[in-house]
Amino acid sequence: TRVRSSAASDVYKRQPFPSQSIHIAFPGASILVDINDYALAKSLDSSYFSADYSPPPGVVEQLLAQGILPEDITHLIITHAHFDHYTGATMERDGSYIPRFPNARVFLGRADWDWFETQNALRDPDSLDSHTFGILQKHDLLELVDSDLDLIPEVRILAAPGESPGHQIVRCL
């Protein structure tokens, strides 16, 4: 049986994508799932946004409004290696890139790291991948996840390849 919906054609229309980040707090763990720097994402490809698009406050500003400092984040889970899920993991300061969350271990699916597109981008010192994943690796903050991983007793990373080879999801127990 084939089901048709008038909304099916909407899938192919360009629409704004206000990416979501999620903060999960447990005693001893401050976990951020995905991080997007809207300003950078907009400059990368403004065709994703309508002409009247106005981005929300940045994730860091929203965290600060809740009393959460970048230094408080202990874990950053990048669900997959598409730019709108990791552009805010580093920031530029005095002409160099540094980790935005200096105390956070960053969890990325190994298959996304090993993916030929990521590896090609890492060879270009001016690429977004070099400015993020390369910097996180240089600072020994990047953890490559091979399969399911118990992050803390209450939070588990589950391998869910699909949107990317190393796509992962987060489950709170």
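Everything quoted here is computed from the prediction, not taken from an experiment.

Let's talk about helix α5 (residues 128-138)
Point 1. Here α5 lies mainly inside the structure; nine of its 11 residues are buried.
Point 2. Within α5, burial applies to Leu 128, Asp 129, Ser 130, His 131, Thr 132, Phe 133, Gly 134, Ile 135 and Leu 136.
Point 3. Phi turns positive, to about 55°, at Asp 140, one or two residues after α5.

Some details on the sheet that holds strand β10 (residues 168-172)
Sheet strands line up and pair through hydrogen bonds in the backbone, either parallel or antiparallel.
Point 1. Read from one edge to the other, the open sheet built from three strands follows the order β8-β9-β10, with strand pairing classed as antiparallel. On the outer flanks of this sheet lie β8 (149-152) and β10, each paired with one strand and no other. Within the sheet, the average angular offset between the axes of one strand and its neighbour, ignoring direction, is 25°.

A word on the confidence of the model for the protein chain
Point 1. Per-residue confidence for the protein chain averages 86 on the pLDDT scale, and 80% of its residues sit at or above 70.
Point 2. When the criterion is pLDDT under 50, residues 1-16 qualifies, and its contacts beyond four places in sequence or with other chains add up to six contacts.

About the criteria used
- Per chain, residues are indexed from 1 in the order of the written sequence.
- Restriction of local features to residues with pLDDT of at least 70 applies here, the model being predicted, together with a cutoff of 80 or more for giving and counting side-chain atom pairs; totals for whole chains, interfaces and linings are based on all residues.
- Only hydrogens and water are set aside; all other atoms, that is, all heavy atoms of the structure, feed into the side-chain values.
- Exposure classes here rest on a 1.4 Å probe applied to the protein chains alone. A residue is buried below 20% of its type maximum, exposed above 50%, and partly exposed in between.
- Every helix listed is a DSSP run of H or I at least four residues long, and every strand listed is a run of E at least two residues long, numbered separately from the N terminus.
- DSSP-based pairing: two strands are paired if at least 2 bridges between them are found.
- Axis lines are fitted to C-alpha atoms, over the contacting stretch for helices. Their N-to-C directions set the angle, which ranges from 0 to 180 degrees.
- One number per residue, pLDDT, summarises how confident the predictor is, and it ranges from 0 to 100.
- Two residues qualify as a contact provided that any one of their heavy atoms is within 4.5 Å of a heavy atom in the partner residue.

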